[in-house]
Amino acid sequence: MAGLTEFRRVGEEVRNWGRWGADDELGTLNLITPEKVAAAAGLVRHGKVFPLGVDFGSSGPQGAFQFRHNPIHTMTVDGGDADTLARYGPQWARNIVAQQLSDFFVDNPFRFNDDMIVMPLQAATQWDALSHVYYDDQLYNGFPASSVTSFGAFHCGIDKVDGKGITSRGVLLDVVAHRGSGTFLELGTPITRDELDEVARAQQVTVSPGDIVLVRTGWWGRFRQTGDGSEPGAGLDWRCATWLHERQVAAVAADNLMVEDPVSGVEGTFLPMHMLCLRDMGMMLGEYWDLEALAADCAADGVYEFQLVAPPLRVTGGVGSPVNPIAIK
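Residues numbered from 1 in each chain as written. Predicted model: local features only at pLDDT ≥ 70, side-chain atom pairs only at ≥ 80, totals over all residues. Heavy atoms only, no water.

**Overview of the sheet that holds strand S13 (residues 326-328)**
Spelled out, the test is: Two strands qualify as a pair provided that DSSP identifies no fewer than 2 bridges between them. Runs of E in the DSSP output that reach at least two residues are strands. Runs of H or I that reach at least four are helices, and both are numbered from the N terminus. Think of each axis as a best-fit line through the C-alpha atoms, taken over the contacting stretch in the case of a helix, with angles from 0 to 180 degrees between the N-to-C directions. Here, two residues are considered to be in contact whenever any of their heavy atoms come within 4.5 Å of each other.
Ordered by their spatial adjacency, 9 strands build an open sheet running S1-S13-S11-S7-S8-S9-S10-S4-S12, and the pairing between neighbours is mixed. For this open sheet the edge positions go to strand S1 (49-51) and strand S12 (320-322), each flanked by a neighbour on one side alone. The sheet shows a mean angle of 25° between the axes of neighbouring strands, taken without regard to direction. Where strand S8 (residues 212-216) and strand S9 (residues 251-254) come together, 4 bridges link them in parallel fashion. Within the sheet, the bridge partner assigned to Leu-214 lies in S9 and is Ala-253. Sheet contacts for helix H2 (residues 34-41): strand S7 (167-174) and strand S11 (305-309); angle to S7, the most-contacted strand, approximately 60°. Helix H9 (residues 272-281) contacts strand S4 (126-128) and strand S10 (284-287) of the sheet and is inclined by roughly 130° relative to S10.

Here you go:
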């Protein structure tokens, strides 16, 4: 296990602070150039669409961790309201909300349903914003961690990404299929830098600057079988941050709950790769992506590259965002 001294050395090695200017809040998304976007669009040859998002509902992967819960979906207007208000009308309406609704329902055929959702922004398929993780009281590019308050993230919030968008060439690295040892990478078998190279060679795909790398560990397929969101599985070893940095990857996502391996690998730290990617490199992380159908198609035709479109919601000051990514081949 490495120590904090080694961790800090790697942090200095991969740090992108100032690379795109002192005011930059996009990080490695800057590597997605207009030329890269155009080239990614050229990968669409068959019109096959693969949604990579999971359901946002009560059976989602959260709930095992007390600081996050699964989405709560509530109907605010439904057919029952329509029947009641249409029958009794304004005479029954004793509050302003009921009065407003009754005006829609009485003496005309118009009806509607409405709903709302309450959830953590990282309840299911999502992006981590650069303001999500920090250390030594600094965010990416040296912005003060104190700039994230109860009002939201003033610097490096997910809303800063909207103008850039997230669409590029996607590359799937199907590690669980490459190992051929089952359908799920069990805890204690982290994915190494060398293994990422092995998988890319075996799939005959090259990771190039501006790519978004998707890593399949089999965790989501396992969750769909067991419903156990707390079951740990293997992820990227923390040193894979240098692999991503060397290849100038724009973003990385996986089908598990934290992209990286839950076993730290650095003494005295939790999720060291999160710190290196989000805080030092300025690289967003995507979690809980469903890669099963995409992986099956890639295995069938031998093509592991595609156009990926994955814009976050423009949540002002948010430190993460739900997303429904789309891979197109």
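From this point, things continue past the structure.
**A closer look at the environment of Gly-188**
Heads up, the condition is: We call a residue buried when its accessible area falls under 20% of the maximum for its residue type, exposed when it is over 50%, and partly exposed in between, using a 1.4 Å probe and counting protein chains only.
Structurally, Gly-188 can be placed in the loop between helix H5 (175-179) and helix H6 (193-203). Residue Gly-188 is classed as exposed on the basis of its relative accessible area, which comes to 58%. C-alpha of Gly-188 to C-alpha of His-274: the two residues are 86 residues apart in sequence and 19 Å apart in space.

**Here we look at the pattern of salt bridges**
To keep it simple, the criterion reads: The salt bridge criterion pairs a side-chain nitrogen of Lys or Arg with a carboxyl oxygen of Asp or Glu, the two atoms within 4 Å.
Throughout the structure, instances matching the rule amount to 23 salt bridges. Residue Asp-162 pairs with Arg-314 through a salt bridge whose shortest N-O separation is 3.3 Å. Of this pair, Asp-162 sits in the loop between strand S6 (152-153) and S7 while Arg-314 sits in the loop between S11 and S12, and the two are 152 residues apart along the sequence. The partner of Asp-297 in a salt bridge is Lys-329, and the shortest N-O contact between them spans 2.8 Å. Of the two residues, Asp-297 is situated in helix H10 (residues 292-301) and Lys-329 in the segment after S13; the sequence distance between them amounts to 32 residues. This pair shows no difference in class: Asp-297 is buried, exactly as Lys-329 is. A single network of salt bridges, built from pairs that share partners, joins Lys-36, Arg-169, Asp-211 and Glu-305.

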